[in-house]
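Residue-level structure breakdown
Read off the chains here:
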Amino acid sequence: MLRRAVDIASLEGLGGVSFGRLAVDTGLSKAGIQTLFRTKETLQLATVEFAREMFIDAVIRPARTAPAGIARLRALLDRWVVYAETPLFAGGCFRVANLAEFDSRAGPVHDALFHDQREWREVLAAELRKAVESGELAGLDVELTVFQIDALLCAANTALQSGDAEAVGKARRIIDGLMTTPP
């Protein structure tokens, strides 16, 4: 049921996730779904958490086998490309599909979405810092580079969803350029 909620939210935003919609799509009773989650907000929060765990399983955990620093950062980006191009969710990147809907709304769903985005950026920043500390990269503003990478990935996802098959390659070339700072 949460898997279906994630797909709906990736296509239509979290506002499209409802007890009635899930009941129709899954064949479960609306009352049964409502008993599980009680409120639409609780259902939305569970959907965000489920999407977060799926992203971690598809992108972050597999990349942990690569050595820390540039190799792991590249593994993270490679896994993200698979995540975006496969795609894991019916509408592409769940985070990109939902951040704009909640960026100006206060509340737990906003907080959960932006916490998830901060965690992703922190994972990228940790690997960039390790690359700088080990001498793989020099003269790099880690926070700025993380912002740039995240922005490029979000833009690539949006372009990919609109039919630009070259979007991920374009973003990857720019990101490679950001990470070729000589030691």
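What you see is a predicted model; the values in this text were computed from it and never measured.

1. Topic: the environment of M54
- By the element assignment, M54 lies in helix 4 (residues 40–63).
- Judged by its relative accessible area of 16%, M54 is buried.
- As for M54 and Y83, which are separated by 29 residues in sequence, their C-alpha atoms are 10.0 Å apart.
- With residues up to four places along the chain from it excluded, the contact list for M54 reads R3, L88 and F89.

2. Concerning the packing of helix 4 against helix 7 (residues 108–133)
- Following both chains from N to C, one finds helix 4 and helix 7 inclined at 10 degrees, their axes separated by 9 Å at the closest point. Looking at the two axes, helix 4 sits roughly parallel to helix 7. Handedness of the helix 4/helix 7 crossing: right-handed. Seen from helix 4, the contacting residues are E41, Q44, L45, V48, R52, F55, V59 and I60; seen from helix 7, they are P108, V109, A112, L113, D116, E119, W120 and V123.
- Considering only residue class, the contact of helix 4 with helix 7 consists of 11 nonpolar, 1 polar and 4 charged.

3. Describing the pattern of salt bridges
- By the definition in use, this model includes 15 salt bridges.
- A salt bridge links K170 to D164; the nearest nitrogen and oxygen atoms lie 3.1 Å apart.
- A relative accessible area of 23% places D164 in the partly exposed class.
- Within the structure, one salt-bridge network assembled from shared partners comprises E49, R52, E53, D57, R61 and E119.

4. Digging into the environment of E12
- Mapped onto the secondary structure, E12 falls in helix 1 (residues 2–12).
- There is a polar contact of 2.9 Å between the side chain of E12 and the side chain of R21.

Rules of the game
- Residues numbered from 1 in each chain as written.
- Predicted model: local features only at pLDDT ≥ 70, side-chain atom pairs only at ≥ 80, totals over all residues.
- Heavy atoms only, no water.
- Helix = DSSP H or I, 4+ residues; strand = E, 2+ residues; numbered from the N terminus.
- Buried < 20%, exposed > 50% of the residue type's maximum accessible area, 1.4 Å probe, protein only.
- Contact = heavy atoms within 4.5 Å.
- Axes fitted to C-alpha atoms, helices over the stretch in contact; angles between N-to-C directions.
- Parallel < 35°, antiparallel > 145°, perpendicular 65-115°, else oblique.
- Left-handed = near helix turned anticlockwise from the far one by under 90°.
- Nonpolar A, V, L, I, M, F, W, Y, C, P; charged D, E, K, R; others polar.
- Salt bridge = Lys/Arg side-chain N within 4 Å of Asp/Glu carboxyl O.
- Polar contact = N/O pair within 3.5 Å; in protein donor to acceptor, adjacent residues only side chain to side chain.

In short, geometric facts, not functional conclusions.
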